[in-house]
Amino acid sequence: MPPRHALLALSVVAIWGSNFVVMKWALAAFSPVWLAALRFSLAALPLLWIARPAAPWRILAGYGLLIGVGQFGLLFWALQSAISPGMASLVVQSQVFLTLLLALLLRGQRLRPIQGLALALAASGIAWIGWQLDGAASPLGLALVLAAAFSWAIANLVGQAAGKVDMLGFMVWSSACAAPALITLALIFEGPQALVRGVQAAHWDSWLAVLWQAVGNTLYGYGVWGWLLARHAAVQVVPMALLVPVFGMGCSAWWLGESLAAWKLQGAALVLAGLGLNLWAQWRNTR
């Protein structure tokens, strides 16, 4: 990737990593599915003045459902009580390996040996932290976040299939596909009373957290990410997401007091080593 594209990717992963703390703040007021419904409903509002992008409805709907219901519906559920923000920011990055595996199987994209070694290093870091489970996660929390990661991985490929479209419009209109499904699920599983309680309990910072979910993470974050995936192979873009746990664990320790035990730092070091090796391999190949 050109340096400016790499900087765009870095800005996205910094937002995504720090957002795990913001999600925890929002979940203090709102129930998980209602929070997801509010997030994607707000993200869909600009469709009033943004034209539908040149993408088939099946891609818009598929991406919206995979990100809205599959990824964030499950992730919010896990974050409510089954996993800590820092741990969730790490485990959800299994989407990197799932995306690359799906790209290899379905798209015929090639993985060079040095990139395979880089991914193995990063995978060993995630596996090491998963092996050390303490009160930071429960088996249910791990299962929910892994399912969210799988949904994100499929969404990466669905979004890539849209091609070089207007990504802001793509995110707005795919959010409009996710919102009705999330509202329906929230009414069925959490009931309208949960939304009323959330609105009554929410302070200005809770609403600011919800707004940030819609604008910073959905429209900007996934819009830029999809823009990059439309212009580069998955093996060039997706490994950058392995930096999300660095921001996630750091922000969780700073703002929420989550402990940074030695085994967490060891796992994060392996993840960073894998990412660094992959970036070095890309630079050497370009040279």
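Anything mentioned here points back to the structure above.
The structure presented is a predicted model; accordingly, all values stated were derived computationally and were not measured.

About the thresholds
- Residues numbered from 1 in each chain as written.
- Predicted model: local features only at pLDDT ≥ 70, side-chain atom pairs only at ≥ 80, totals over all residues.
- Heavy atoms only, no water.
- Helix = DSSP H or I, 4+ residues; strand = E, 2+ residues; numbered from the N terminus.
- Rg over C-alpha atoms; globule rule 2.2 N^0.38 Å.
- Buried < 20%, exposed > 50% of the residue type's maximum accessible area, 1.4 Å probe, protein only.
- Contact = heavy atoms within 4.5 Å.
- Lys, Arg positive; Asp, Glu negative; His and termini not counted.
- Charge placed at Lys NZ, Arg CZ, Asp CG, Glu CD.
- Expected span 1.5 Å × (residues − 1).
- Core = buried A, V, L, I, M, F, W, Y, C linked by side-chain atoms within 4.5 Å.
- Phe/Tyr/Trp six-rings, centres within 6.5 Å; stacked < 30°, edge-to-face > 60°.
- Lys NZ or Arg CZ within 6 Å of the ring centre and 35° of its normal.
- Axes fitted to C-alpha atoms, helices over the stretch in contact; angles between N-to-C directions.
- Parallel < 35°, antiparallel > 145°, perpendicular 65-115°, else oblique.
- Nonpolar A, V, L, I, M, F, W, Y, C, P; charged D, E, K, R; others polar.
- Patch = residues over 30% accessible without salt bridge, like charges linked within 9 Å, V, L, I, M, F, W, Y side chains within 5 Å.
- Areas by Shrake-Rupley, 256 points an atom, 1.4 Å probe, with all protein chains shown as cover.
- Salt bridge = Lys/Arg side-chain N within 4 Å of Asp/Glu carboxyl O.

Caption draft 1: Structural detail: the overall build of the chain. Broken down by element type, the chain carries 13 helices and zero strands. What you see for the chain is a C-alpha radius of gyration of 18 Å, in line with the 19 Å of a compact globule of 287 residues. Counting all 287 residues of the chain, 55% fall into the buried class. Contacts spanning at least 24 positions in sequence make up 92% of the contacts within the chain whose residues lie at least 6 apart. Here the chain carries 14 positive and 5 negative side-chain charges, and the mean point of each set is 20 Å from the other.

Caption draft 2: Molecular detail of helix α7 (residues 139-161). The end-to-end C-alpha separation of α7 is 34 Å, in line with the 33 Å expected for 23 residues at 1.5 Å each. Looking one or two residues past α7, Gly163 carries a phi angle of roughly 80°, positive in sign.

Caption draft 3: Layout of the environment of Val12. Here Val12 lies in helix α1 (residues 3-27). Val12 gets classed as buried once you look at its relative accessible area, which sits at 0%. Taking the C-alpha atoms as reference points, Val12 and Leu144, separated by 132 residues in sequence, lie 23 Å from one another. Once residues within four sequence positions are removed from consideration, Val12 is found in contact with Tyr220, Gly221, Val224 and Trp225.

Caption draft 4: Region of the structure containing the nonpolar core. Leu75, Ile83, Phe170 and Trp225 are the most contacted members of the largest nonpolar core, which totals 91 residues. Looking at this core element by element, the count peaks at 10 residues for helix α3 (residues 57-81). Setting aside residues up to four positions removed in sequence, Phe170 forms contacts with Pro53, Ala55, Ile59, Leu60, Tyr63, Gly159, Ala162 and Val165.

Caption draft 5: Spatial organisation of helix α2 (residues 32-44). Between the first and last C-alpha of α2 there are 19 Å, a value that for 13 residues agrees with the 18 Å anticipated at 1.5 Å per step. Most of α2 sits out of view: 11 of its 13 residues are buried. When we look at burial in α2, the residues that qualify are Pro32, Val33, Trp34, Leu35, Ala36, Ala37, Leu38, Arg39, Phe40, Ala43 and Ala44. On its buried face, α2 is in contact with α1, α3, α8 (167-189), α9 (191-201) and α10 (204-229).

Caption draft 6: Seen up close, the packing of aromatic side chains. The full count for this structure, using the stated rule, is 10 aromatic pairs. Of the aromatic side chains, those joined through ring pairs into one cluster are Trp16, Phe40, Phe72, Phe76, Trp152, Tyr222 and Trp225. Stacked on the ring of Phe72, the Lys or Arg Arg39 has its end atom at 3.7 Å from the ring centre.

Caption draft 7: Highlighting the side chain of His5. On the secondary structure map, His5 appears in helix α1. A relative accessible area of 8% means that His5 is categorised as buried. Those residues in contact with His5, other than ones at most four positions away along the chain, are Trp227, Leu228 and His232.

Caption draft 8: Just the environment of Glu190, in detail. Note that Glu190 resides in the loop between α8 and α9. Placed 84 residues apart in sequence, Glu190 and Gly274 show a C-alpha to C-alpha distance of 41 Å.

Caption draft 9: The packing of α1 against α3, seen in detail. The contact between α1 and α3 brings their axes to 10 Å, and the two run at 75°. In terms of axis orientation, α1 runs roughly perpendicular to α3. For the pair α1 and α3, contact is made by Phe20, Met23, Lys24 and Leu27 and by Phe72, Leu75, Phe76, Leu79 and Gln80, respectively. Its residues assigned to classes, the contact of α1 with α3 comprises seven nonpolar, one polar and one charged.

Caption draft 10: Examining a nonpolar patch on the surface more closely. A cluster of nonpolar side chains, contributed by Leu42, Leu45, Trp204, Leu208, Leu211 and Val215, occupies part of the molecular surface with about 600 Å² of accessible area. Here the element with the most residues in the nonpolar patch is α10; it accounts for four residues. In this structure, Leu45 sits in the loop between α2 and α3.

Caption draft 11: Structural view of the environment of Pro139. Among the structural elements, Pro139 can be located in helix α7. C-alpha of Pro139 to C-alpha of Ala82: the two residues are 57 residues apart in sequence and 8.1 Å apart in space.

Just geometry here; none of it tells us what the structure is for.
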